[in-house]
Amino acid sequence: MRLRNIPGAKDAIEDSKYVIHDVQEKKGNWAEVFGNENPVHIEVGMGKGRFIMTLAELYPDVNFIGIEMYDSVLLRAIQKREEQEKEGKILNNLFFIRMDARELPLVFEKGEVKKIYLNFSDPWPKERHAKRRLTSRQFLERYQQVLSEEGVVEFKTDNRELFEFSLEEVKEAGWKLLAHTFDLHHDVEMNMGNVMTEYEEKFSSKGNPIHKLIAGQ
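Residues numbered from 1 in each chain as written. Predicted model: local features only at pLDDT ≥ 70, side-chain atom pairs only at ≥ 80, totals over all residues. Heavy atoms only, no water.

Colleague: Give me the sheet that holds strand β2 (residues 63-68): which residues, what numbers.
Modeller: Spatial ordering of the open sheet is given by β3-β2-β1-β4-β5-β7-β6, a layout of seven strands whose pairing is mixed. Each having just a single partner strand, β3 (94-98) and β6 (176-181) make up the two edges of the open sheet. Averaged over all adjacent pairs, the angle separating strand axes in this sheet is 15°, with direction ignored. Bridge count for strand β5 (residues 147-157) against strand β7 (residues 211-216) is six bridges, and the pairing is antiparallel. Across the sheet, the residue bridging to valine 153 is alanine 215, located in β7. (Pairing = 2+ DSSP bridges. Helix = DSSP H or I, 4+ residues; strand = E, 2+ residues; numbered from the N terminus. Axes fitted to C-alpha atoms, helices over the stretch in contact; angles between N-to-C directions.)

Colleague: Describe helix α6 (residues 137-144), and please don't skip the residues or the numbers.
Modeller: One turn of an α-helix holds 3.6 residues; hence residues three or four places apart share an orientation. Within α6, the full set of buried residues consists of Phe139, Leu140 and Tyr143. Axial view of α6: buried residues confined to an arc of 105°, hence all on one face. (Buried < 20%, exposed > 50% of the residue type's maximum accessible area, 1.4 Å probe, protein only. Arc of directions from axis to C-beta.)

Colleague: Provide a residue-level description of unusual backbone geometry, including the pertinent values.
Modeller: Not every positive phi belongs to a glycine, and phenylalanine 120 is a case in point at roughly 50°. Relative to the helices and strands, phenylalanine 120 resides in the loop between β4 (113-119) and α6. When its relative accessible area of 12% is taken as the criterion, phenylalanine 120 is described as buried. In this structure, tryptophan 124 is a non-glycine residue whose phi angle is positive, near 40°. As for its placement among the helices and strands, tryptophan 124 is situated in the loop between β4 and α6. Since its relative accessible area comes to 25%, tryptophan 124 is described here as partly exposed.

This is the structure:
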């Protein structure tokens, strides 16, 4: 997917108070960054940020970090935060990071992260790109390096092939499949408290079933 470059995006990200820079220096010290010992949840590939901003508002006793690698997309999330702050919504429990998810073990110590959210990730449909999928065994290994013992990964998608691939990867990586559904919005138990992303709202409005899994180590 080719994203349109937005002039000034890099500068806006560099100047934003919502974005943490020099993140490798924060490894092992995220409690100091947030100023508390609350659990840390991260979203890898947060897009425009609606999902994680909603979570941060709903759960003030959890620290959230939204990770996005594309400047133009992260800029949209920053702008949304600025709009919310003008409306009086101050989210002190949420920061953004501009980084590639492959670098997660360089940024977080083992046990520093309690939950990882993956929402409507790029399916990378070509087989030779399988290891780039965020639910591949290669990425599950990276997540294992930062998650706490009881930590989990929650993944949502409307892509059936990617979901079936993900179920198999969880098994092959030696993880435990704690729960899964092929139709989230019609699964009363798993849909309880569900926060929708922009993509989820778009796809489900077209009648596409949403798939979800929860996996632990």
